[in-house]
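Residue strings, one per chain:
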Amino acid sequence: MDLRIFTEPQQGATYDTLLAVAKATEDLGFDAFFRSDHYLRMGDGDGLPGPTDAWITLAGLARETRRIRLGTLMTAATFRLPGVLAIQVAQVDQMSGGRVELGLGAGWFEEEHKAYGIPFPKEKFARLEEQLAIVTGLWGTKAGETFSHHGTHYDLTDSPALPKPAQARIPVLIGGHGAARTPRLTARYADEFNMPFGSVEDAERQFGRVRAAAEEVGRAADELTYSNALVVCVGKDDQEVARRAASIGREVDELKANGLAGSPAEVVEKIGRYAEIGSQRMYLQILDLDDLDHLELISSQVQSQLS
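This text gives an overview of the structure that appears in the document. (Residues numbered from 1 in each chain as written. Predicted model: local features only at pLDDT ≥ 70, side-chain atom pairs only at ≥ 80, totals over all residues. Heavy atoms only, no water.)

1. Observations regarding the nonpolar core
Part 1 of the reasoning: Core analysis: the biggest nonpolar cluster contains 75 residues, and F33, W55 and W139 have the highest contact counts within it.
Part 2 of the reasoning: The greatest single-element share of this core, amounting to eight residues, is contributed by helix α5 (residues 124-140).
Part 3 of the reasoning: Excluding anything up to four places from it in sequence, F33 contacts I5, T7, L18, V21, A22, T25, L58, L61, I68, R69, L70 and G71.
Part 4 of the reasoning: Judged by nonpolar contacts, the second largest core, of eight residues, contains F6, M74, L173 and A229. (Core = buried A, V, L, I, M, F, W, Y, C linked by side-chain atoms within 4.5 Å. Buried < 20%, exposed > 50% of the residue type's maximum accessible area, 1.4 Å probe, protein only. Helix = DSSP H or I, 4+ residues; strand = E, 2+ residues; numbered from the N terminus. Contact = heavy atoms within 4.5 Å.)

Have a look at this one:
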């Protein structure tokens, strides 16, 4: 089971804070540092000092880290034109020496679009499908050839399809709870399917849909990586668990029901339940980015038991 650190900087974080978390992620032996792609805080609080852009952040971290994978859960298709996104991600991949992964989603948080003047179209899923076709098509076009796409929402003519990423293929992640369209897009375009914030039972059901969709298009279901994203709150004892839960404004019982919370042994046991239904990778949502001792505890007491 790979363990990856997943952050939500829109809740309030500077680049320096994210850099500290990314360096701890690397030093403590985790597999990757991922971040959300949002421009507005959710829930209570002021979100100070304000949002940071996902791909600008990852570009900086690409030069400050050496081993960990870097990516998004999920880049919002509403935020960027697909040709520009393909250039941005390929460049960051070059800057990192080939360590980037792209999680791409339709975009959903209407308030952040209103707050920053970003169009929020009704046809989000159709746009996402075209974006996936364009981004992967641009990267997959051979050097010296051109790429064209004439769709409903985007039109590209004779693009040189440059620059190329450092990797032969940047891994693409698709995720979500949708019963039909999400598995279909995953089967066609993705290298990994991520089930966010779902129970073991929900994840098992959705993994089955994705596997079936892959087989329907003539693809081996095991070609895909299957993963989950869950909030994490671990403590050496009940008092430490309660303190960490309070620091993120959550209740311990709710976190235990809907996330990975409790003692290291409790968290290892629950991760094992996800592994039993086919999950190969866990994105640990860290909401208190100043608590680096939390990462150290997870590394020494949880990750050590799963490796």
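Picking up where we left off.
2. As for the environment of K122
Part 1 of the reasoning: If you trace the backbone, K122 turns up in the loop between α4 (110-116) and α5.
Part 2 of the reasoning: Exposure remark for K122: the relative accessible area of 80% places this residue in the exposed category.
Part 3 of the reasoning: Separated by 114 residues in sequence, K122 and K236 have C-alpha atoms that sit 47 Å apart.

3. A look at the pairing of strand β2 (residues 32-35)
Part 1 of the reasoning: Across the two faces of β2 the burial is the same, with A32 and F34 and F33 and R35 all buried.
Part 2 of the reasoning: With four bridges joining them, strand β1 (residues 2-7) and β2 adopt parallel strand pairing. Among the inter-strand pairings, I5 is bridged to a residue of β2, identified as F33.
Part 3 of the reasoning: Sheet topology places β2 next to strand β3 (residues 69-72); four bridges connect them, and they run parallel. Bridging from a neighbouring strand, R35 pairs with T72 of β3.
Part 4 of the reasoning: In this region the chain leaves β2, passes through helix α2 (residues 54-64) and returns to the parallel neighbour β3; the handedness of that crossover is right-handed. (Pairing = 2+ DSSP bridges. Right-handed = clockwise from strand over helix to strand, strands pointing away.)

4. Comments concerning the side chain of N194
Part 1 of the reasoning: Note on placement: N194 falls in strand β9 (residues 192-196).
Part 2 of the reasoning: Accessibility expressed as a relative area gives 2% for N194, which makes it buried.
Part 3 of the reasoning: A polar atom in the side chain of N194 sits 2.9 Å from the side chain of S227.
Part 4 of the reasoning: Dropping the residues within four chain positions of it, N194 is found in contact with L73, M74, I174, G175, G176, S227, N228, A229 and Y283. (Polar contact = N/O pair within 3.5 Å; in protein donor to acceptor, adjacent residues only side chain to side chain.)

5. Details of unusual backbone geometry
Part 1 of the reasoning: Cis geometry marks the peptide bond from L73 to M74; its omega dihedral reads -20°.
Part 2 of the reasoning: Along the chain, the position of M74 falls in the loop between β3 and β4 (75-76).
Part 3 of the reasoning: Of note, the amide linkage connecting L162 to P163 takes the cis form, showing an omega dihedral of 5°.
Part 4 of the reasoning: For P163, the location among the structural elements is in the loop between β7 (155-159) and β8 (172-175).
Part 5 of the reasoning: The phi angle at D158 is positive, at roughly 50°, despite the residue not being glycine.
Part 6 of the reasoning: By secondary structure assignment, the location of D158 is in strand β7.
Part 7 of the reasoning: In the Ramachandran plot, F197 falls in the positive-phi region, its phi being about 55° despite a non-glycine side chain.
Part 8 of the reasoning: Within the secondary structure, F197 sits in the loop between β9 and α7 (200-216).
Part 9 of the reasoning: Exposure remark for F197: the relative accessible area of 41% places this residue in the partly exposed category.

6. So, the pairing of strand β6 (residues 147-150)
Part 1 of the reasoning: What you see with β6 is a clean split: F147 and H149 sit on the buried side and S148 and H150 on the side with no burial.
Part 2 of the reasoning: Hairpin remark: β6 followed by β7, antiparallel, with four residues in the connecting loop.

7. Let's talk about the pattern of salt bridges
Part 1 of the reasoning: Overall, the coordinates contain 21 salt bridges when judged by the stated rule.
Part 2 of the reasoning: Between E129 and R188 there is a salt bridge, with the nearest N and O atoms lying 3.8 Å from each other. With a gap of 59 residues between them, E129 in helix α5 and R188 in helix α6 (residues 181-189) connect regions that are remote in the sequence.
Part 3 of the reasoning: For R188, a relative accessible area of 57% corresponds to the exposed category.
Part 4 of the reasoning: One connected set of salt bridges, linked through shared partners, spans K236, E240, R243, R244 and D291. (Salt bridge = Lys/Arg side-chain N within 4 Å of Asp/Glu carboxyl O.)

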